[in-house]
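Spelled out from the first residue to the last, the chains are:
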Amino acid sequence: MRSGYFKETIAEQINLTDSAVARVWLALLALALIVAPFYLNPFYLSLLTIIAITAIGALGLNILTGWTGLISLGHVGFMVLGAYAYAIATSIWKLDPLIGLLLAGLVPAAASIVVGIPSLRLTGLYLAITTLAFAFIINHLILEFDGLTRGARGIFVKRPSILGVSFKGDTAFALLCLALAAITLVATLNLRRSRVGRALVAIRDNDIAARVMGVDLTVYKLYAFITSSFIIGISGALYGIFLSYVTVEGFPFLLSIEALAILIVGGIGTALGAVLGTIFIVLLPEFASALFSLLGDETARALSTGAHELKSMLYGVVIILFLRFQPHGLVGLWRDSKRLWVNWPLRF
Amino acid sequence: MTYLIELLISGLSIGAIYGLIAMGFAVIYKSTGLVNFAQGEIAMIVAYVAWTIASHVSGNVFIVAGGAIVFACLFGLAIERVVIRPMIGEPVFSTIMVTIGIAVVLRSSIIFLWDAVPHSLDVGIGREVLVLGEARVRSGQLGVIALLLIAIAGFYAFFRWSRFGVAMRAVASDDRTAMLMGVSAARVQAVAWAASCVIAGIAGVMFAIIHELSPTMFVLGLKAFPATILGGLDSVLGSALGGFIIGAVENLAGGYVSAGMKEVSGFIVIIVILMVRPFGLFGERRIERV
């Protein structure tokens, strides 16, 4: 047992973990995630895929909202752009899926410059509402340019086969999504530990002070916008592939709110929080139906007519309760329980 | 020409509804620094309550209006007391997310408590077609424009002369000093929520009378955002004016360009306006001191 944390170099300071135990557990978790898709039944496999896809999006939004402190309601706009970029590239232009995925990142990134530059002057709520406006305008543009996007009819998307490996099966596709989620997680963690990441957090904590210390607000805010929308675009493309059909209706505005809720429930401003929040929010409806079935047949039947509404009510109530009683989110709970585990019976 | 006038009048009438909801946004923002994302849902739920009252006591406008206003008032007070007041001292972002949570809960509880099919709210008046020159308008459309004008005058007088209005402005400009001067910030916040729910509720009921009542009415809240941003989040009267502008622009774009443009023209307008004036047309520029 160690008696304290002693860090003597910068390298140790920014090291993700210095504990061998944590490394072993991480390796086991990775192994479990690789093996699991081969044994899960289709329902749980689709849940796992959705978690991986949503986690990519949440990690992307975390760069913008969690670290840079720019509240964005335009999440779904970037997702839909990514999905359409991929769908048009692969289904209509018949390009390679790898190029499609690249475009799915680059197109939202380019769009984010268009949104980002005007947003540099705006703060807080005005920014949130500008990004909301962006999400609506993107939807409109997609429906308007129906020569390219096929308008309201949508585009059929096939499961890709990348570099000769086919991802047609559910298991293979789940593994692809998990792999991309893992890459995104490592990438964002590395970003956070770099000079750029520190600059972004400095902007969030106090933009004027950051500017005085030599952080170029324009460059770094745009950087956050571009990186985050690149990642969100990829998650949108994966979601489109998962649905196997890309339409504007497939990406309701609720996804933007869900993404913010994930960050809050997980614990805002941490990559781990984005992942935990995703797992929680995606599984919440399943918990809810499990809970309803516990109540017995009579109530279950009485509630079954309004089951969908009850689930989304629960979703709202969970957001409110978390904000009210656990502002640090699931990450906060995790830290508290770790501290309790180490220090018990002492409080600190 | 007649087409233009008809478009303008129906644009101004829908704009008046946006304006009322936008005033609700601004009242809450001005006294608490929050944006209430549940405003459209509150308008919707008040309209549903009004419909329930109207289907039990038929034909009496005053009972329906009175019942709706009382309900909106109590509802606003309840939300403020149960959900918003415990959040005092938390970051603004969290509190705004709480209002989004309220929005989600209300939206699904409407379908749960009532149903998902559209209804028409018939209180006996507001649906007659009047002929003005060559243009044909519904009396309800003129009524809602008049209501917004009355609300503007009322709020102007309230903020300018009433003791409580002055207290609200004091809290808005500096809550700590206001509290030191003996103003109860909590009470100001409660009244702001009640007032904002009442005007949002009036907007919802008017919309239901002129058009119809359906669980997608909460979109009104999203459409009112451009109005309040255009006018400036902290300017109550500016928001009302912003509603007129957005409503007219939207309807003209819908009439002359395309139906899709109608949906997004409001959003395009605010992006352009925010480029020029990042705090809206009538909003106060915030000066940051270090």
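This part takes up the overall build of chain B. Of the regular secondary structure elements, chain B holds 11 helices and 2 strands. Helices and strands in chain B line up, N terminus first, as α-α-α-α-β-β-α-α-α-α-α-α-α. The C-alpha radius of gyration computed for chain B amounts to 19 Å, which stays within 12% of the reference 19 Å derived for 290 residues, consistent with globular compactness. With the principal axes as the frame, chain B shows a C-alpha extent of 60 × 45 × 35 Å. Evaluated residue by residue, chain B yields a buried proportion of 50% over its 290 residues. Pairs at least 24 residues apart make up 75% of the contacts formed inside chain B by residues separated by at least 6 positions.

Our next topic: the overall build of chain A. In terms of regular secondary structure, chain A is built from 16 helices and 4 strands. The C-alpha radius of gyration computed for chain A amounts to 21 Å, which stays within 12% of the reference 20 Å derived for 348 residues, consistent with globular compactness. With the principal axes as the frame, chain A shows a C-alpha extent of 65 × 60 × 45 Å. Residue burial in chain A is summarised as follows: out of 348 residues, 44% are buried. Contacts spanning at least 24 positions in sequence make up 76% of the contacts within chain A whose residues lie at least 6 apart.

Time to look at the confidence of the model for chain B. Summing up the model confidence of chain B, the mean pLDDT is 83 and the portion of residues at 70 or higher is 96%. Both scores are given for the predicted complex: the pTM is 0.85, the ipTM 0.80.

In this section: helix α8 (residues 170-193) of chain A. Residue and element names in this part refer to chain A. Its 24 residues place the ends of α8 35 Å apart at the C-alpha level, agreeing with the 34 Å of an ideal helix rising 1.5 Å per residue. For α8, the full list of buried residues reads Phe173, Ala174, Leu175, Leu176, Cys177, Leu178, Leu180, Ala181, Thr184, Thr188 and Arg192. Where the residues of α8 are buried, they touch α2 (20-39), α3 (42-67), α9 (195-205), α11 (217-243) and α13 (271-294).

Residue and element names in this part refer to chain A. Where helix α4 (residues 75-92) meets α11, the closest approach of the two axes is 7 Å, and the angle between their N-to-C directions is 60°. As the angle between them shows, α4 and α11 are arranged oblique. The chirality of how α4 crosses α11 is right-handed. In this structure, α4 contributes His75, Phe78, Met79, Val80, Leu81, Gly82, Ala83, Ala85, Tyr86 and Ala87 to the contact, and α11 contributes Ser229, Ile232, Gly233, Ile234, Ser235, Gly236, Ala237, Tyr239 and Gly240.

With that settled, consider the nonpolar core. Residue and element names in this part refer to chain B. Ile17, Leu20, Ile21, Val46, Ala47 and Ala50 are the most contacted members of the largest nonpolar core, which totals 196 residues. With 17 residues, helix α8 (residues 185-210) is the largest single contributor of residues to this core. Apart from residues lying up to four places away in sequence, Ile17 is in contact with Val144, Ala203, Met206, Phe207 and Leu220.

All names here are of chain A. Its place among the elements puts Val157 in the loop between β1 (155-156) and β2 (161-162). What makes Val157 buried here is the crowd of 22 C-beta atoms within 10 Å. The sequence separation of Val157 and Tyr84 amounts to 73 residues, and the corresponding C-alpha distance is 9.8 Å. Sequence-distant contacts of Val157, defined by excluding residues within four places in its chain, comprise Ala87, Thr90, Ser91, Gly240, Ile241, Ser244, Tyr245 and Val246.

Take the interface of chain B and chain A next. Counting residues at the interface gives 33 residues for chain B and 32 residues for chain A. Among the elements that take part in the side of chain B that touches chain A, helix α4 (residues 92-113) of chain B stands out by supplying 13 residues, more than any other. Counted by class, the side of chain B that touches chain A contains 25 nonpolar, 5 polar and 3 charged residues.

Right, let's talk about unusual backbone geometry for a bit. All names here are of chain A. Following Trp344, the chain continues into Pro345 via a peptide bond in cis, with omega recorded as 5°. When you line up the elements, Pro345 lands in the segment after α16 (329-343). Notably, Lys94 is not glycine yet its phi reads approximately 55°, a positive angle. Locating Lys94 in the fold gives a position in the loop between α4 and α5 (97-119). The phi dihedral of Ser244 is positive, around 60°, even though this residue is not glycine. Take Ser244: it is sitting in the loop between α11 and β4 (245-246). For Ser244, a count of 10 C-beta atoms within 10 Å gives the class exposed.

This next bit is on the packing of α4(A) against helix α12 (residues 254-266) of chain A. In a packed pair of helices, the relevant descriptors are the angle between the two axes and the axis-to-axis distance. Residue and element names in this part refer to chain A. Packing of α4 against α12 leaves a shortest axis separation of 7 Å and a crossing angle of 115°. The two elements α4 and α12 cross, and the hand of that crossing is right-handed. Here α4 contributes His75, Val76 and Met79 to the contact with α12, which in turn contributes Leu255, Ser256 and Ala259. Residues belonging to the contact of α4 with α12 are distributed by class as follows: 4 nonpolar, 2 polar and no charged.

About the thresholds
- Residues numbered from 1 in each chain as written.
- Chains lettered and ligands numbered in written order.
- Predicted model: local features only at pLDDT ≥ 70, side-chain atom pairs only at ≥ 80, totals over all residues.
- Helix = DSSP H or I, 4+ residues; strand = E, 2+ residues; numbered from the N terminus.
- Rg over C-alpha atoms; globule rule 2.2 N^0.38 Å.
- Buried ≥ 20, exposed ≤ 12 C-beta atoms within 10 Å, placed from the backbone.
- Contact = placed C-beta atoms within 7 Å.
- pLDDT = per-residue confidence, 0-100.
- Expected span 1.5 Å × (residues − 1).
- Axes fitted to C-alpha atoms, helices over the stretch in contact; angles between N-to-C directions.
- Parallel < 35°, antiparallel > 145°, perpendicular 65-115°, else oblique.
- Left-handed = near helix turned anticlockwise from the far one by under 90°.
- Core = buried A, V, L, I, M, F, W, Y, C linked by C-beta atoms within 7 Å.
- Nonpolar A, V, L, I, M, F, W, Y, C, P; charged D, E, K, R; others polar.

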